[in-house]
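In case you want the letters, here they are:
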Amino acid sequence: MYIVQVASECAPVIKAGGLGDVVFGLSRELENQGHTVDVILPKYDCMRYDHIWGLHEDYNDLWVPWGGGSIHCTVFGGKVHGLNCFFIEPHSNESFFNRGKYYGDNDDNLRFAFFSRAVLEYMCVTSKRPEIVHCHDWQTGLLPVMLFEQYKYRGMDSQRVCYTIHNFKHQGGGSVDILRAVQLDNDSYYMSPDRLKDNTLPNHINFMKSGIVYSNAVNTVSPHHAWEARFGNEGYSLGHTLYVHEDKFKGILNGLDYKVWNPELDEYISMPFGPEDFELKAYNKKGLRERLWLEEKDRPIIAYVGRLDDQKGVGLVHHALEYALRRSAQFVLLGSATSDAIKNLFWQTKNRLNDHPDVHLELGFNEELSHLIYAGADMMVVPSNYEPCGLTQMIALKYGTVPIVRGVGGLVNTVFDYDYDETHLPEERNGFVFYQTDVTALESAMHRPLELWYTDRKAFNQLAIQGMRCDYSWRQPVEQYVEVYEKIKV
Ligand code: ADP
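Residues numbered from 1 in each chain as written. Predicted model: local features only at pLDDT ≥ 70, side-chain atom pairs only at ≥ 80, totals over all residues. Heavy atoms only, no water.

Colleague: Mind showing me how you'd approach the site of the ligand here?
Modeller: Looking at the ligand, there are 23 residues lining it, with Gly18, Asp21, Arg307, Gly364 and Tyr374 nearest. In the model, an oxygen atom of the ligand is placed 3.0 Å from a nitrogen or oxygen of the Lys15 side chain. Within the side chain of Arg307, an N or O atom sits 2.7 Å from an oxygen atom of the ligand. Expressed as a share of its isolated accessible area of 570 Å², the protein-covered part of the ligand is 93%. Elements supplying a minimum of two residues to the shell around the ligand: α1 (18-32), β13 (330-335), α12 (367-376) and α13 (392-398). (Near = heavy atom within 4 Å. Polar contact = N/O pair within 3.5 Å; in protein donor to acceptor, adjacent residues only side chain to side chain. Areas by Shrake-Rupley, 256 points an atom, 1.4 Å probe, with all protein chains shown as cover. Helix = DSSP H or I, 4+ residues; strand = E, 2+ residues; numbered from the N terminus.)

Structure below.
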């Protein structure tokens, strides 16, 4: 099958979080399983050009209809670790993708509506005719609308769309002016409640809802989160839309690219290791301590890696640090804050604990350091408020770092409590789970692995090794995606 992935990120060239990892890992495994994949992305000024091989102009005469006129674009081609990628660069005064960052401007909705339109125009004029266009998250929600309302009549009538939702909280959208920009000129038709109209905001269109309504298949990134979105509050007002379209909606767990995330192959870490020589992990712990100026002593290291965002339960992340110190453990944090308030909180803490021999806070994004932390830490806390899938707990497992997670979303599908899980045999369990959002729940979940580490190291290590043996590769998830593609393709 020929599949085009359309997204705003693809690791390692463009990565703000899990979306980038997923687009890359999914595409690579599809290719491993014999399919042909192209990935189409915006050409940002701030992306990691050092991860692109053979960047060249692929198409220089792309005119993308926009508002009353059109915008000239150049499309670049290149390989990202073997993967065929295309990058769209608009030449306009708005500098849509030359802002020194991927997201966070007031016109994000317009920027990505433009991107979606540009992708279709590019495929249309270059006769790219994939069987499946796989769109990701709100940034590409308008693409299926334009495909089936406009481009279908320009020779693209046999393309089918699979739409994956990675985060229901960010839905994209805005006033009807966006319809003007993408030339969907029939307000009363598009603004009807069963099409693009936002479920709560009057006179607003909603990109993610548009993606759900118009795509041929829709999924989110874990079975449990699919259930939460459909029946709980996690769909952020899209629950009804999912109900209407329930026949095409499901959850497919994300995978990990074990060529990227694998302690046996990882070139960033001090010493490769696997479940058979778990004792070598100790060298990575030592290496991590040296790198972060932590004291060398017989103590566990607890880590947090992830965005510092309300979604991630930042209050509990902060409390985990305090509790770890109370229990004489060491704590390492790597995170980039998504708001000034959160940034201030963690900067204050960082300054207060600057000379502490048992703590290191690294505030920012650092891919290489994240590998060292996964490899060197003993435990990883993931106290999320909600978590569509979560990759950090799966990466931690692969690196023999025991996850302590809140039982929500994909965390429920991947971490099985050492003491209490009734659906898995003791030898299949791999971590610690708590459910409430208060500090007592977190502390009691952290207490259990700490006690095990202090009193029965052998059992703790055995648990870590069990985690390393879990298979969260892309193999199975990709089989499920291919099943979906087969079902919808013409
Ligand atoms: P989300 O997509 O919600 O941010 P996930 O757990 O799905 O969270 O994916 C997070 C990915 O981003 C992981 O690969 C993680 O290692 C990486 N990551 C998050 N924050 C940072 C950071 N500050 N530095 C390096 N990598 C990070």
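Colleague: Even after reading the chapter, I still don't get the sheet that holds strand β4 (residues 69-80), so can you show me in this structure?
Modeller: Hydrogen bonding along the main chain pairs the strands of a sheet, whether they run parallel or antiparallel. Ordered in space as β3-β4-β5-β2-β1-β6-β7-β10-β11, the nine strands form an open sheet in which the pairing is mixed. Strand pairing shows two members of the sheet lacking a second neighbour, β3 (53-66) and β11 (249-251), which therefore form its edges. Between one strand and the next, the sheet's axes are offset by a mean angle of 25 degrees, whatever the strand orientation. Of the pairings in the sheet, the one linking β3 to β4 comprises nine bridges and is antiparallel in character. The partner of Trp53 across the bridge, within β4, is Lys79. Sitting on the sheet, helix α7 (residues 223-231) is in contact with β10 (217-220) and β11, with an inclination near 135 degrees to β11. (Pairing = 2+ DSSP bridges. Axes fitted to C-alpha atoms, helices over the stretch in contact; angles between N-to-C directions. Contact = heavy atoms within 4.5 Å.)

Colleague: Quick question: what am I supposed to make of helix α9 (residues 281-292) here?
Modeller: Helical geometry: 3.6 residues make up each α-helical turn, so side chains three or four residues apart lie on a common side. Over its twelve residues, α9 runs 17 Å from end to end, which matches the ideal 16 Å to within 8%, given 1.5 Å per residue. Along α9, the residues classified as buried are Lys281, Asn284, Lys285, Gly287, Leu288, Arg289 and Leu292. Packed against the buried residues of α9 are β12 (301-305), β13, β14 (359-363), α12 and α15 (439-455). Immediately downstream of α9, the backbone of Trp293 shows phi near 60 degrees, a positive value. (Expected span 1.5 Å × (residues − 1). Buried < 20%, exposed > 50% of the residue type's maximum accessible area, 1.4 Å probe, protein only.)

Colleague: What exactly am I supposed to notice about unusual backbone geometry here?
Modeller: Note on backbone geometry: most residues besides glycine have negative phi, and most peptide bonds are trans. Backbone torsion omega between Ala11 and Pro12 reads -5 degrees, so that peptide bond is classified as cis. One non-glycine residue, Ser95, lies in positive phi territory at about 45 degrees. Considering the arrangement of structural elements, one finds Ser95 in the loop between β5 (83-90) and α2 (108-125). A positive phi angle, close to 55 degrees, is found at Asn203, a residue other than glycine. Along the chain, the position of Asn203 falls in the loop between α5 (187-190) and β9 (204-206).

Colleague: Got a minute to help me understand the sheet that holds strand β16 (residues 402-406) in this structure?
Modeller: In space, the six strands of this open sheet follow the order β14-β13-β12-β15-β16-β17, with parallel pairing throughout. Each having just a single partner strand, β14 and β17 (432-434) make up the two edges of the open sheet. Averaged over all pairs of adjacent strands, the angle between their axes in this sheet comes to 15 degrees, without regard to strand direction. With two bridges joining them, β12 and strand β15 (residues 379-382) adopt parallel strand pairing.

Colleague: Got a minute to help me understand helix α17 (residues 475-488) in this structure?
Modeller: In a regular helix each residue adds 1.5 Å, so 14 residues correspond to 20 Å; α17 covers 20 Å between its end C-alpha atoms and thus fits that length. Of all the residues in α17, the buried ones are Pro477, Val478, Tyr481, Val482, Val484, Tyr485 and Ile488. For α17, the angular spread of the buried residues around the axis is 160 degrees, confining them to a single face. What points out from α17, more than 90 degrees from its buried face, is the exposed set Glu483 and Lys487. For α17, the elements touching its buried residues are β1 (2-6), α1, β6 (132-136), β7 (160-165), β10 and β11. (Arc of directions from axis to C-beta.)

Colleague: I tried to follow the nonpolar core on my own but got confused; where do I start?
Modeller: Note that soluble globular proteins tend to have their nonpolar side chains buried in a common cluster. Judged by nonpolar contacts, the single largest core of 172 residues is most densely connected at Ile40, Phe87, Leu142, Ile302, Phe331 and Met446. Ignoring any residue separated from it by four or fewer positions in sequence, one finds Ile40 in contact with Val4, Gln5, Val6, Ala7, Phe86, Ile88, Phe115, Val119, Tyr122 and Met123. (Core = buried A, V, L, I, M, F, W, Y, C linked by side-chain atoms within 4.5 Å.)

Colleague: What should I look at first to understand the pairing of β12 in this one?
Modeller: Side chains on a regular strand alternate between the two faces of the sheet. Taking burial as the measure, the five residues of β12 include five buried ones, the bulk of the element. Burial along β12 is two-sided: the face carrying Ile301, Ala303 and Val305 and the face carrying Ile302 and Tyr304 are both buried. As a crossover connection, the stretch from β12 through helix α10 (residues 314-326) into β13 is right-handed. (Right-handed = clockwise from strand over helix to strand, strands pointing away.)

Colleague: How do you make sense of the pattern of salt bridges when you look at a structure like this?
Modeller: Any two side chains of opposite charge can pair, given that their charged atoms come close. Tallying each qualifying case throughout the model produces 29 salt bridges. Between Lys297 and Asp358 there is a salt bridge whose closest N-O contact spans 3.0 Å. Of this pair, Lys297 sits in the loop between α9 and β12 while Asp358 is found in the loop between α11 (340-352) and β14, placing the two residues 61 residues apart along the sequence. Since its relative accessible area comes to 26%, Lys297 is described here as partly exposed. Overall, the relative accessible area of 10% leaves Asp358 in the buried class. One network of salt bridges, with partners in common, ties together Arg99, Lys101, Asp105 and Asp107. (Salt bridge = Lys/Arg side-chain N within 4 Å of Asp/Glu carboxyl O.)

Colleague: Quick question: what am I supposed to make of the packing of aromatic side chains here?
Modeller: Centre-to-centre distance and the angle between the planes together describe a pair of aromatic rings. Applying the stated criterion to the full structure yields 23 aromatic pairs. Ring geometry for Phe96 versus Phe114: centroids 5.1 Å apart, planes at 35 degrees, classification tilted. With a gap of 18 residues between them, Phe96 in the loop between β5 and α2 and Phe114 in helix α2 connect regions that are remote in the sequence. Accessibility assignment for this pair places Phe96 and Phe114 in one class, buried. Ring geometry for Phe97 against Phe115: centres 6.3 Å apart, planes inclined by 85 degrees, an arrangement best described as edge-to-face. Separated by 18 residues along the polypeptide, Phe97 in the loop between β5 and α2 and Phe115 in helix α2 bring together distant segments of the chain. Neither Phe97 nor Phe115 differs from the other in exposure class; each is buried. Of the aromatic side chains, those joined through ring pairs into one cluster are Tyr44, Trp66, Phe96, Phe97, Tyr102, Tyr103, Phe112, Phe114, Phe115, Trp138 and Phe207. Sitting above the plane of the Phe76 ring, Lys43 keeps its charged end 4.6 Å from the centroid. (Phe/Tyr/Trp six-rings, centres within 6.5 Å; stacked < 30°, edge-to-face > 60°. Lys NZ or Arg CZ within 6 Å of the ring centre and 35° of its normal.)

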